[in-house]
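# Secondary and tertiary structure notes
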Amino acid sequence: MKQCKSGYLCRRQRYSTIRGENRLMTQILYKCTITNDQHPENAGQLNALKMQYAEELAKITGREEEEFYCFKNPVNVTATDQNGTIIGFIAVGMVEQEKRVYACHVYVMPQVRNQGVYRTMLARLVKFAEDIKYKSITAGVFKNNKISQKAHRALGFVPFANLYELKVGDADLHGLK
C-alpha cells in the first residue's frame, strides 16, 4: 500500500516475511525538493525533462514547442526517484504584489503518473508559499488538456478565469497597430 505524506516523501509500505516473521517494510519511492537556483546541480536532467514536457504539451495543444517557456524559472519543485532521477517538476513563478505563486508548468513522467507525484510536489509548493507568506497558488491549464483540468480540480484548484490570447503579429488585423 502506498502512502504519500506531506513530508515530501512518498513511501510504499507492505508486509514481508523475513525468517518466518511478518514485518512492515517501508520503501521510499521518491522525494520532493524545491530549488531557487538558476543552475541547479541537476540542471541538465531537469532541462531534458522540460523538453519532454514541451513536446508532449505541443501535441496536446497543437502549438509549437517553443511557446512553452519553462526553462528560465529559477524556482522549481522537483520529484526524484530512489536513483536521484527527476521524475517530475513544477516550474514556479511568483507575483509579489498579489502574494501569488504560479505553478507555471507542471510535468510528471508518464510511467509514474497517478501515483501521487504531483500531489506530493504540490504539498511541497504549498509549504513554500506558506513560508514566504503568499496567499494562493495558481495553475494555468489549457482548455483542451482535460486530464490536467481533472487533476487540478481533484487537488482543490477552482477555475476562476478565462484567458484570451492575442498574437502580437495579428494585432494589425484588428486595428491595434
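A brief report on the enclosed structure follows. (Residues numbered from 1 in each chain as written. Predicted model: local features only at pLDDT ≥ 70, side-chain atom pairs only at ≥ 80, totals over all residues. Heavy atoms only, no water.)

## What about the pairing of strand β6 (residues 100–108)?
For clarity, the threshold we go by: When DSSP finds at least two bridges between two strands, those strands are taken to pair. Helix and strand labels come from DSSP, where a helix needs a run of H or I of at least four residues and a strand needs a run of E of at least two; each type is numbered from the N terminus. Viewed with both strands pointing away, a crossover whose connecting path from the first strand over the helix to the second turns clockwise is right-handed.
With eight bridges joining them, strand β5 (residues 86–95) and β6 adopt antiparallel strand pairing. Looking across to β6, one finds that F89 is bridged to Y107. What sits between β5 and β6 in their antiparallel hairpin is a turn of four residues, with K99 showing a positive phi close to 55 degrees. Bridging between β6 and strand β7 (residues 136–139) involves four bridges; their strand directions are parallel. The residue of β7 that forms the bridge with R100 is S136. Running through helix α2 (residues 117–131), the crossover from β6 to the neighbouring parallel element β7 is right-handed.

## A closer look at α2
Applied cut-off: Helices are assigned an expected span. That span is 1.5 Å times one less than the residue count.
Taking 1.5 Å of rise per residue, 15 residues should cover 21 Å, and α2 covers 21 Å from first to last C-alpha, within 8% of that figure. One or two steps after α2, the chain reaches K133, where phi turns positive at roughly 65 degrees.

## Thoughts on the pattern of salt bridges
Put simply, the rule reads: Just to be clear on terms, a salt bridge is a Lys or Arg side-chain nitrogen sitting within 4 Å of an Asp or Glu carboxyl oxygen.
According to the stated counting rule, one finds four salt bridges in the structure shown. Note that R100 is salt-bridged to E98, the shortest N-O span being 2.9 Å. Between D131 and K127 there is a salt bridge, with the nearest N and O atoms lying 2.6 Å from each other. Within this pair, D131 and its partner K127 are both found in helix α2, separated by four residues, close to a single helical turn.

Without other data, these values stay purely geometric and don't point to any function.
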